[in-house]
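Read off the chains here:
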Amino acid sequence: MTTARMTSFMPGQMPPTVTMAHLVLAGSKKMRRRGPASSKKTGSSPYSPICRLVIKAMTDGSSGTNRAQTLSARTYVCLPPLRKPAGGLAVLVRLAAHLHRAGFPVTLAPREIIPDAVAELAPDVPVTAFEEARPKPHDIWLVPEGWPNALAPGLSATARCLIYCQNWAYLHNGLPQNVSWPSLPVSFLAVSDPVARFIELATGVLPPILRPGVDLTLFHGHGDRPSDEVRVAYMPRKNKALA
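Residues numbered from 1 in each chain as written. Predicted model: local features only at pLDDT ≥ 70, side-chain atom pairs only at ≥ 80, totals over all residues. Heavy atoms only, no water.

**Some details on the pairing of strand 2 (residues 75–79)**
For strand 2, a buried count of five out of five residues is recorded, marking the element as mostly surrounded by other parts of the structure. The alternating pattern of strand 2 places Thr75, Val77 and Leu79 on one face and Tyr76 and Cys78 on the opposite face, and all of these are buried. Bridge count between strand 2 and strand 3 (residues 106–110): five bridges; the pairing is parallel. Bridge pairing links Tyr76 to Thr107 in strand 3. Where strand 2 and strand 4 (residues 140–144) come together, three bridges link them in parallel fashion. When the sheet's bridge partners are listed, Tyr76 is paired in strand 4 with Trp141. (Buried < 20%, exposed > 50% of the residue type's maximum accessible area, 1.4 Å probe, protein only. Helix = DSSP H or I, 4+ residues; strand = E, 2+ residues; numbered from the N terminus. Pairing = 2+ DSSP bridges.)

Okay, structure coming up:
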């Protein structure tokens, strides 16, 4: 990021925020394919909100060349080798599906195993094994937080590396000793405002926010709220050391 980009967000400002739809539906009016701004098929805005947010995260807003390169770049979404299904993994797969649906070049790069979520949520998105991925300098190499070693192919290729942080507690996990995020050529996306603020404290940069959508078939109200009782939902912390 340039100095101008780093200073464009001052403490107290609200970062750009987009909510990702829970499902990517064929023919969805909310997901617009890339095309000329004047195209009747695309309307007044040729890019989906998610795509615009990725563009904003990877450019400083002042360079037409950087923006044009981002629009033509291939986005590699790295998937960690998780044996068990995880919500964060599903969010990464859905992000790839949204970009693909909007007409952007995107490839899933699973490490060691291909999660079942790929066939379920992004069956049409190209898949290349992590070890075989060959990003180019103008491509985007997206990695989840907690897996900094997965940045190696992107950094080696001088691609534009992007960390999508869904859990602030894992932001610094795996970083080599004496290495900090401000010393690395990476940008950030945050899953929520609290995570964005934590990243700002750690790096000095307030990143854009990309929230995952809520599955309304699972989470919805059941009529009027009972007036005679209070229900409390409890979820134990994943990282017990921080509880």
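**Side note on the pattern of salt bridges**
In this structure the tally under the stated criterion is two salt bridges. Connected through salt bridges with shared partners, the residues Asp193, Arg197 and Glu200 form a single ionic network. (Salt bridge = Lys/Arg side-chain N within 4 Å of Asp/Glu carboxyl O.)

**Let's talk about the nonpolar core**
One finds Val77, Leu79, Leu108, Trp141, Tyr164 and Trp181 to be the most contacted residues of the largest nonpolar core, which totals 51 residues. The element that contributes the greatest number of residues to this core is helix 4 (residues 87–101), accounting for nine residues. Aside from chain neighbours lying at most four places away, what touches Leu79 is Leu89, Leu92, Val93, Leu108, Ala109, Pro110, Arg111, Pro115 and Val118. (Core = buried A, V, L, I, M, F, W, Y, C linked by side-chain atoms within 4.5 Å. Contact = heavy atoms within 4.5 Å.)

**Here we look at the packing of aromatic side chains**
A full pass over the atoms with the stated rule returns four aromatic pairs. Between Phe130 and Trp141, the ring centres sit 5.7 Å apart and the planes meet at 55°, which makes this aromatic pair tilted. Here Phe130, found in the loop between helix 5 (116–121) and strand 4, pairs with Trp141, found in strand 4; they are eleven residues apart in sequence, far enough to count as distant. Per residue, the accessibility class of Phe130 equals that of Trp141, and both read buried. When the centroid spacing of 5.5 Å and the interplanar angle of 90° are considered together, the rings of Trp181 and Phe188 count as edge-to-face. Cluster of aromatic residues (ring-pair linked, three or more members): Tyr76, Phe130 and Trp141. (Phe/Tyr/Trp six-rings, centres within 6.5 Å; stacked < 30°, edge-to-face > 60°.)

**Topic: the confidence of the model for the protein chain**
Taken over all residues, the pLDDT of the protein chain has a mean of 76, while the share at 70 or more is 67%. Long-range and interchain partners of residues 1–11, a stretch whose pLDDT sits below 50, account for 19 contacts in this model, where long-range means more than four residues apart. (pLDDT = per-residue confidence, 0-100.)

**Let's talk about the pairing of strand 4**
Most of strand 4 is tucked away: five of the five residues are buried. By the alternation rule, side chains of strand 4 split into Ile140, Leu142 and Pro144 and Trp141 and Val143, which are all buried. Here five bridges tie strand 4 to strand 5 (residues 160–165), and the two strands are oriented parallel to one another. Looking at the pairing, Trp141 lines up with Cys161 of strand 5.

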